[in-house]
Each structure stands twice: as C-alpha cells, then as structure tokens.
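Chain by chain, the residues:
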Amino acid sequence: WLNEFEDLSEEEITDKISPYFNEDDPVFEDKDINRFIRKRVKQIKEAQHETPRRLSVSHTNLGIVLRHQNNYEEAVEEYLTALELWPDNLTAENNLSILLGQPLKKRSIIRQLFPKDRITE
C-alpha cells in the first residue's frame, strides 16, 4: 500500500481511485458520488500519515516480545526499524535504552495529550 499511495497528492489520489466509483453502480443511485470520492481521499491522506506510525508500534511490540524471549539482537533491530518509521516513538526508544543500559526518557503530560504529529482534522 505504501509503495502505491505513500507520496501521492490529493489530486493524484483522486485520479487513481475515481475509476472505481462508477456512477452507474446502483449503490450510488441518487447520491453525490463526488462526496464518496472526497471522503475516500481524506481517508487515504490520513493513512499516508498514520501507517508509518502504526507500523512503528507493531515493530516495537515485536521488539518487546523478542526482548522477553532473550533475543536481544533481533529486538534491537525491531526497535531501530520502529524508530526509522516514526522517530518520535518513545516506547521504542526507551525499550532500546533498556537493552543498551541507557537512561529512559520521559514525555511530559502535555506531550502525551497532544503528540506533535497527530492529525486533528
């Protein structure tokens, strides 16, 4: 999915998905098909932003499992992958710090409530 949609603009996404919304389809009878297209474009734009973060969380979780299985080298690789996908992944960073014997970082309550990259639309 990322290879196909990651860097597309709204216009490019619209061009790419519009053929799948056929006005002759009974599902769209008496409905504004452009509204459906706009909604899907908005969902894809949000996914462009959120998918790397979600993948990062998945790699972090895998790293945690590997760490508890004493597979430390593999856990480190998963944490590093998680941080490549989302550099602000504090959980991955702190789990990596645990393995490397470094101090943990704390996130302020304001930062917890309002992450800087979160889409608010």
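Conventions and cut-offs
Residues numbered from 1 in each chain as written. Predicted model: local features only at pLDDT ≥ 70, side-chain atom pairs only at ≥ 80, totals over all residues. Heavy atoms only, no water. Helix = DSSP H or I, 4+ residues; strand = E, 2+ residues; numbered from the N terminus. Expected span 1.5 Å × (residues − 1). Bend = angle between axes of the 7 residues up to and from the residue. Polar contact = N/O pair within 3.5 Å; in protein donor to acceptor, adjacent residues only side chain to side chain. Core = buried A, V, L, I, M, F, W, Y, C linked by side-chain atoms within 4.5 Å. Buried < 20%, exposed > 50% of the residue type's maximum accessible area, 1.4 Å probe, protein only. Contact = heavy atoms within 4.5 Å. Patch = residues over 30% accessible without salt bridge, like charges linked within 9 Å, V, L, I, M, F, W, Y side chains within 5 Å. Areas by Shrake-Rupley, 256 points an atom, 1.4 Å probe, with all protein chains shown as cover. Salt bridge = Lys/Arg side-chain N within 4 Å of Asp/Glu carboxyl O. Lys, Arg positive; Asp, Glu negative; His and termini not counted. Charge placed at Lys NZ, Arg CZ, Asp CG, Glu CD. Phe/Tyr/Trp six-rings, centres within 6.5 Å; stacked < 30°, edge-to-face > 60°. Lys NZ or Arg CZ within 6 Å of the ring centre and 35° of its normal.

1. With respect to helix H3 (residues 33-68)
When the terminal C-alpha atoms of H3 are compared, their 50 Å separation across 36 residues agrees well with the 52 Å that a helix rising 1.5 Å per residue should span. Where H3 bends most, at Glu50, the angle is about 40°, and the proline Pro52 comes one to four residues later. N-capping of H3 is provided by Asp32, with a side-chain oxygen placed 3.1 Å from the backbone N of Asn34. Looking one or two residues beyond H3, the residue adopting positive phi is Asn70, at roughly 65°.

2. Focus on the nonpolar core
Formed by Phe5, Leu8, Ile13, Ile17, Phe21, Phe28, Ile33, Ile37, Val41 and Ile44, the largest nonpolar core amounts to 10 residues. Those elements giving two or more residues to this core turn out to be helix H2 (10-17) and H3. Among the elements that line this core, the one with the most residues is H3, at 4 residues. The contact partners of Phe28, leaving out residues within four places of it in the chain, are Phe21, Asn22, Ile33 and Phe36.

3. Overview of a negative patch on the surface
Together, Glu6, Asp7, Glu11, Glu12 and Asp15 make up a region of like negative charge exposed at the surface. Mapped onto the secondary structure, Glu11 falls in helix H2.

4. Quick look at the packing of aromatic side chains
Scanning the entire structure with this criterion turns up 3 aromatic pairs. Seen from their ring centres, Phe21 and Phe28 are 5.8 Å apart, and the 45° between their planes marks the pair as tilted. By the burial criterion, Phe21 is buried, and Phe28 matches it. With relative accessibility at 11%, the residue Phe28 sits in the buried group. Directly above the ring of Phe5 sits Lys16, whose terminal nitrogen or CZ lies 5.8 Å from the centroid. We note Arg35 situated over the ring of Phe36; from NZ or CZ to the ring centre the distance is 5.7 Å.

5. Here's the deal with the side chain of Glu78
Within the fold, Glu78 resides in helix H4 (residues 72-85). Buried and without a salt bridge, Glu78 has Arg67 as its closest oppositely charged side chain, separated by 13 Å. Ignoring sequence-local partners within four residues, the contact set of Glu78 consists of His59, Leu62, Gly63 and Leu66.

6. Let's talk about unusual backbone geometry
Positive phi, normally seen in glycine, also occurs at Asp30, with a value near 60°. Within the secondary structure layout, Asp30 lies in the loop between H2 and H3. Residues other than glycine seldom take positive phi values, yet Asn70 does so here, at roughly 65°. For Asn70, the location among the structural elements is in the loop between H3 and H4.

7. Things to note about the pattern of salt bridges
If charged atoms from side chains of opposite charge come close, those side chains can pair. Under the definition given, this model contains 4 salt bridges. Between Asp32 and Arg38 there is a salt bridge whose closest N-O contact spans 3.8 Å. Accessibility expressed as a relative area gives 40% for Asp32, which makes it partly exposed. The exposed category is assigned to Arg38, whose relative accessible area is 51%. Residue Arg53 is joined to Glu50 by a salt bridge in which the shortest nitrogen-to-oxygen separation is 3.5 Å. Residue Arg53 and its partner Glu50 are both found in helix H3; the two are separated by 3 residues, about one turn of the helix. With relative accessibility at 9%, the residue Arg53 sits in the buried group.

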